Amino acid sequence: MDINNNIEKVLITEDALDKRIAELASQITTDYMEKDLVMICLLKGSISYFAHLCEKITLPIEYEFLRASSYHGATTTGEVKLLHVPTISLKNRHVIIVEDIIDTGLTLAAIQKVIEQMEPASLEITTLLDKPSRRLDYTVIPKYVGFIIPDEFVVGFGLDYDEKYRNLPYIGVLKKEIYKK
Ligand code: 5GP
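The structure presented is a predicted model; accordingly, all values stated were derived computationally and were not measured. (Residues numbered from 1 in each chain as written. Predicted model: local features only at pLDDT ≥ 70, side-chain atom pairs only at ≥ 80, totals over all residues. Heavy atoms only, no water.)

**Concerning the overall build of the chain**
A count of helical and extended segments in the chain gives 4 helices and 9 strands. On C-alpha atoms alone, the chain measures out to a radius of gyration of 16 Å, which is about the 16 Å that the 2.2 N^0.38 rule sets for 181 residues. When its C-alpha atoms are laid out on the principal axes, the chain stretches across 50 × 35 × 30 Å. Put simply, the chain has 181 residues, and 47% of those count as buried. In the chain, once contacts between residues fewer than 6 apart in sequence are set aside, the share between residues at least 24 apart is 67%. Only carbon and sulfur atoms are counted for the fraction: they give 52% of the accessible area of the chain, which is about 9300 Å². Each charge sign in the chain was given a centre, from 21 positive and 27 negative side chains, and these centres are 4 Å apart. (Helix = DSSP H or I, 4+ residues; strand = E, 2+ residues; numbered from the N terminus. Rg over C-alpha atoms; globule rule 2.2 N^0.38 Å. Buried < 20%, exposed > 50% of the residue type's maximum accessible area, 1.4 Å probe, protein only. Contact = heavy atoms within 4.5 Å. Areas by Shrake-Rupley, 256 points an atom, 1.4 Å probe, with all protein chains shown as cover. Lys, Arg positive; Asp, Glu negative; His and termini not counted. Charge placed at Lys NZ, Arg CZ, Asp CG, Glu CD.)

**Topic: the packing of helix α1 (residues 14-31) against helix α2 (residues 47-56)**
For the pair α1 and α2, the least separation of the axes is 8 Å and the interaxial angle reads 50°. Here α2 runs oblique to α1, going by the angle between their axes. As α1 runs across α2, the sense of the crossing is right-handed. Judged by residue contacts, Asp18, Ile21, Ala22, Leu24, Ala25, Ile28 and Thr29 of α1 engage Tyr49, His52, Leu53 and Lys56 from α2. When the residues that make up the contact of α1 with α2 are grouped by side-chain class, the tally is 7 nonpolar, 2 polar and 2 charged. (Axes fitted to C-alpha atoms, helices over the stretch in contact; angles between N-to-C directions. Parallel < 35°, antiparallel > 145°, perpendicular 65-115°, else oblique. Left-handed = near helix turned anticlockwise from the far one by under 90°. Nonpolar A, V, L, I, M, F, W, Y, C, P; charged D, E, K, R; others polar.)

**Topic: the sheet that holds strand β9 (residues 171-174)**
Strand order in the open sheet formed by 3 strands is β1-β9-β8, and the pairing between neighbours is antiparallel. Among the strands making up the open sheet, the edge pair consists of β1 (7-12) and β8 (154-155). (Pairing = 2+ DSSP bridges.)

**A word on the packing of aromatic side chains**
Under the definition given, this model contains 4 aromatic pairs. Taking 4.7 Å as the distance between ring centres and 70° as the angle between the ring planes, the aromatic pair formed by Phe50 and Tyr63 counts as edge-to-face. Separated by 13 residues along the polypeptide, Phe50 in helix α2 and Tyr63 in strand β3 (residues 62-72) bring together distant segments of the chain. When its relative accessible area of 40% is taken as the criterion, Tyr63 is described as partly exposed. Following the ring pairs from residue to residue traces out a cluster consisting of Phe50, Tyr63 and Phe65. Here the guanidinium or amino end of Lys35 rests over the ring plane of Tyr32, the centre of that ring lying 5.8 Å away. (Phe/Tyr/Trp six-rings, centres within 6.5 Å; stacked < 30°, edge-to-face > 60°. Lys NZ or Arg CZ within 6 Å of the ring centre and 35° of its normal.)

**Let's talk about the site of the ligand**
Residues in close proximity to the ligand total 16 residues, the closest being Thr104, Gly105, Thr107, Val154 and Asp160. At 3.5 Å from an oxygen atom of the ligand is found a main-chain nitrogen or oxygen belonging to Glu152. Asp160 places a polar main-chain atom, nitrogen or oxygen, 2.7 Å from a nitrogen atom of the ligand. If one sorts the elements of the shell around the ligand by residue count, strand β5 (residues 94-102) sits on top with 4 residues. (Near = heavy atom within 4 Å. Polar contact = N/O pair within 3.5 Å; in protein donor to acceptor, adjacent residues only side chain to side chain.)

Now the structure itself:
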């Protein structure tokens, strides 16, 4: 079974992702020149964006990984659970949280609070995708946004449906019948 056959349409191609991520990396490189920068990857969805973005940033950055869960399949429970907290010190350091997609903003709002308590010198958010029409928490303001997308459930480039489709190299919309199985 080829996963590409389960995709109704491609929303963002591999080439477009590459190009936009290079632009954001270059902007971050300029903004954080001479700064002690820690990039935080939110597992699992941000993994592809995080890897592509960080390898294009030409600064000596440090990696950290966090895990929060709020989604089950294609529906949200509205509950945010932090399954990992940072193990390195973020005090007086410049931190960027790398997110795959901001939907309601509830996940990031919870994570933002935890990181703020660790007293970083600065805290910014980058998200590959943004669905502003669905926002419930307005304290989450991403500085570096890849693409603004419509209110559709997307998969690929790290984003899953039922833990699958993360390995698609592009962002796509699943065929309706996949959800109904
Ligand atoms: P929020 O708390 O902003 O509503 O949701 C953020 C998280 O929900 C994302 O990190 C992602 O894991 C998941 N999510 C939100 N929208 C989508 C979507 O369209 N597709 C997928 N695969 N996950 C989504």
